[in-house]
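Now for the letters of each chain:
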Amino acid sequence: MDIDTRLLRYFLAVAEMENLPGAAQRLHVAQPALATQIKQLEQQLGVELFIRSRAGWTLTAAGKVLAEQVPNLLANWDRILRDTKSDASRASRVLRLGCVQSAADGYIPEIIQVFHRLHPDWQVDIHQGGWTDPTAGLDEGDVDVALLRLPFPGQGEYHVRELFTEPRWIALPADHPLAERDDIAFRELWDEPYVASPAETGWWRDYWMGLDARPADTAIIGAIARNTDEWLRAIAGGFGVSFTPASTSRTNAYPGVVFRPVHGIGPTRVALVWPDASEADPVLRYFIRCCTDIVGHQGHDGRRTS
């Protein structure tokens, strides 16, 4: 019998939290989707894993047996997967760098140039994470180190070095009443419809609607976007507004869309992130130092931030 490891991760989160809402929040997935995945696992195994009640989700006897074994199984599998991919790339002298859009993009050429001074025979392969991949390949073992925006799912499992912060601005249709303002209060945006990423992105969608700093029941979704082009088109079409890093105003100019500063909401943070396997490799440690020296000492506005 073949079981998707994702189902086991979902099972373990529910088992540890003993309730669906808490597990869904930890996993950054919607509650209905999580309940469906647990039911799928139970059907594949042919056993009931939880007793559902208003008080929470309690493990059955079969569920307790599985919960005892799953952590070691997943830890071993993750280690095997990362080590296999890492060894293959290092044998080929390839350093795999993950990035989410606009997270220190402007510094990457300089980072690679400095890195190549000491390691000219190494190639840097850049993996660009999409809207549904906020770890830019780290979770799948596809990259050795990544430039990411915090927070992200599973952050506690990695080494994280924050490099700089960047204000969250709001992207608005050009004919929006607030578009004429030079500065907007966060509270003024609570009742606006938002152009959001798909529901399966969980917390990522919530964060870019500002739900880390306001009640969840104030969220109104006007349209769903799966990439930057869809997002810009939806905003220009008047379907909603959306928070975005301030640098987006420079990198994603688009007809019918304006970007404005917002006060009353915290900034987005950019960090360098890597797994234990990269910590032990001298070449990767040097690359990490290059990133820290070049990006961390300057930040987007030229100030030292770490």
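Right, let's walk through the structure included here. (Residues numbered from 1 in each chain as written. Predicted model: local features only at pLDDT ≥ 70, side-chain atom pairs only at ≥ 80, totals over all residues. Heavy atoms only, no water.)

What to know about the packing of helix H2 (residues 20–27) against helix H3 (residues 31–45)
The interhelical angle for the contact between H2 and H3, taken along N-to-C directions, is 100 degrees, at an axis separation of 9 Å. In terms of orientation, H2 and H3 fall into the roughly perpendicular class. Contacts between H2 and H3 involve Leu 20, Pro 21, Ala 23, Ala 24 and Leu 27 from the former and Gln 31, Leu 34 and Ala 35 from the latter. Residue composition of the contact of H2 with H3, grouped by class: 7 nonpolar, 1 polar and no charged. (Axes fitted to C-alpha atoms, helices over the stretch in contact; angles between N-to-C directions. Helix = DSSP H or I, 4+ residues; strand = E, 2+ residues; numbered from the N terminus. Parallel < 35°, antiparallel > 145°, perpendicular 65-115°, else oblique. Contact = heavy atoms within 4.5 Å. Nonpolar A, V, L, I, M, F, W, Y, C, P; charged D, E, K, R; others polar.)

Observations concerning the nonpolar core
With 61 residues, the main nonpolar core has Phe 115, Ile 170, Phe 243 and Phe 287 as its most contacted residues. Looking at which element gives the most residues to this core, the answer is helix H10 (residues 282–296), with 9 residues. In contact with Phe 243, not counting residues within four places along its chain, are Arg 168, Trp 169, Ile 170, Phe 186, Leu 189, Tyr 194, Trp 208, Met 209, Gly 210, Trp 231, Val 262 and Ile 265. The next biggest cluster of nonpolar side chains, apart from the first, holds 23 residues, and it includes Leu 12, Trp 57, Leu 59 and Leu 74. (Core = buried A, V, L, I, M, F, W, Y, C linked by side-chain atoms within 4.5 Å. Buried < 20%, exposed > 50% of the residue type's maximum accessible area, 1.4 Å probe, protein only.)

Structural notes on the side chain of Glu 166
Here Glu 166 is to be found in strand E6 (residues 159–166). Reaching out from Glu 166, the side chain makes a polar contact with the side chain of Arg 149 at a distance of 3.0 Å. A polar contact is formed between the side chain of Glu 166 and the backbone nitrogen of Ala 246, at a distance of 3.3 Å. (Polar contact = N/O pair within 3.5 Å; in protein donor to acceptor, adjacent residues only side chain to side chain.)

Concerning the sheet that holds strand E12 (residues 257–263)
Reading across the sheet, the 4 strands line up as E8-E12-E7-E11 and stay open at both edges, with mixed pairing between neighbours. The open sheet is flanked by strand E8 (184–185) and strand E11 (242–245), the only strands paired with a single partner. Bridge count between strand E7 (residues 168–173) and E11: 4 bridges; the pairing is antiparallel. Considered in E11, the bridge of Trp 169 is made with Thr 244. (Pairing = 2+ DSSP bridges.)

Overview of the pattern of salt bridges
Opposite charge on two side chains permits them to pair, given that their charged atoms come into close proximity. Enumeration over the complete set of coordinates arrives at 9 salt bridges. Among the salt bridges present, the one from Glu 188 reaches Arg 181, with a minimum N-O distance of 2.7 Å. Here Glu 188 falls in the partly exposed class, since its relative accessible area comes to 33%. Among the residues examined, Arg 181 registers a relative accessible area of 31% and is labelled partly exposed. (Salt bridge = Lys/Arg side-chain N within 4 Å of Asp/Glu carboxyl O.)

Remarks on the packing of helix H1 (residues 5–17) against H3
Two elements in contact, H1 and H3, have axes separated by 9 Å at closest approach and are oriented at 110 degrees. Comparing the axis directions of H1 and H3 gives the class roughly perpendicular. Here H1 and H3 pass one another in a crossing that is left-handed. On H3, the residues touching Arg 6, Leu 7, Leu 8, Tyr 10, Phe 11 and Val 14 of H1 are Leu 34, Gln 37, Ile 38, Gln 40, Leu 41 and Gln 44. Class assignment for the residues of the contact of H1 with H3 results in 8 nonpolar, 3 polar and 1 charged. (Left-handed = near helix turned anticlockwise from the far one by under 90°.)

Some thoughts on the side chain of His 176
The topology assignment puts His 176 in the loop between E7 and E8. Within the structure, the side chain of His 176 is placed 3.0 Å from the side chain of Glu 192, a separation counted as a polar contact. The contacts of His 176, once residues within four sequence positions are left out, are Glu 192 and Val 241.

Some words on empty space enclosed by the protein
Picture a little ball the size of a water molecule; that probe, rolled over the atoms, points out where space is still empty. All chains considered together, the criterion is met by 1 cavity of 30 Å³ or more. The volume enclosed by the largest cavity comes to roughly 380 Å³. Gln 101, Trp 131, Trp 204, Trp 208 and Pro 245 are the residues nearest the centre of the largest cavity, which is lined by 22 residues in total. Those elements that place two or more of their residues in the lining of the largest cavity are strand E9 (193–196), helix H6 (203–207), helix H7 (228–236) and E11. Broken down by element, the lining of the largest cavity gets its largest block of residues, 4 residues, from E11. Its residues placed into classes, the lining of the largest cavity shows 10 nonpolar, 10 polar and 2 charged. (1 Å grid on protein atoms, 1.4 Å probe; cavity = no way out; pocket = protein on both sides within 12 Å on 5 of 7 lines; lining within 4 Å. Points joined across faces, edges and corners; volume = space filled by probe spheres on them.)

Considerations on a nonpolar patch on the surface
Residues Met 1, Leu 45 and Val 47 make up a contiguous nonpolar surface patch of about 280 Å² in total accessible area. On the basis of relative accessible area, Met 1 is assigned to the exposed category, the value being 73%. (Patch = residues over 30% accessible without salt bridge, like charges linked within 9 Å, V, L, I, M, F, W, Y side chains within 5 Å. Areas by Shrake-Rupley, 256 points an atom, 1.4 Å probe, with all protein chains shown as cover.)

Coordinates in, geometry out; function isn't part of it.
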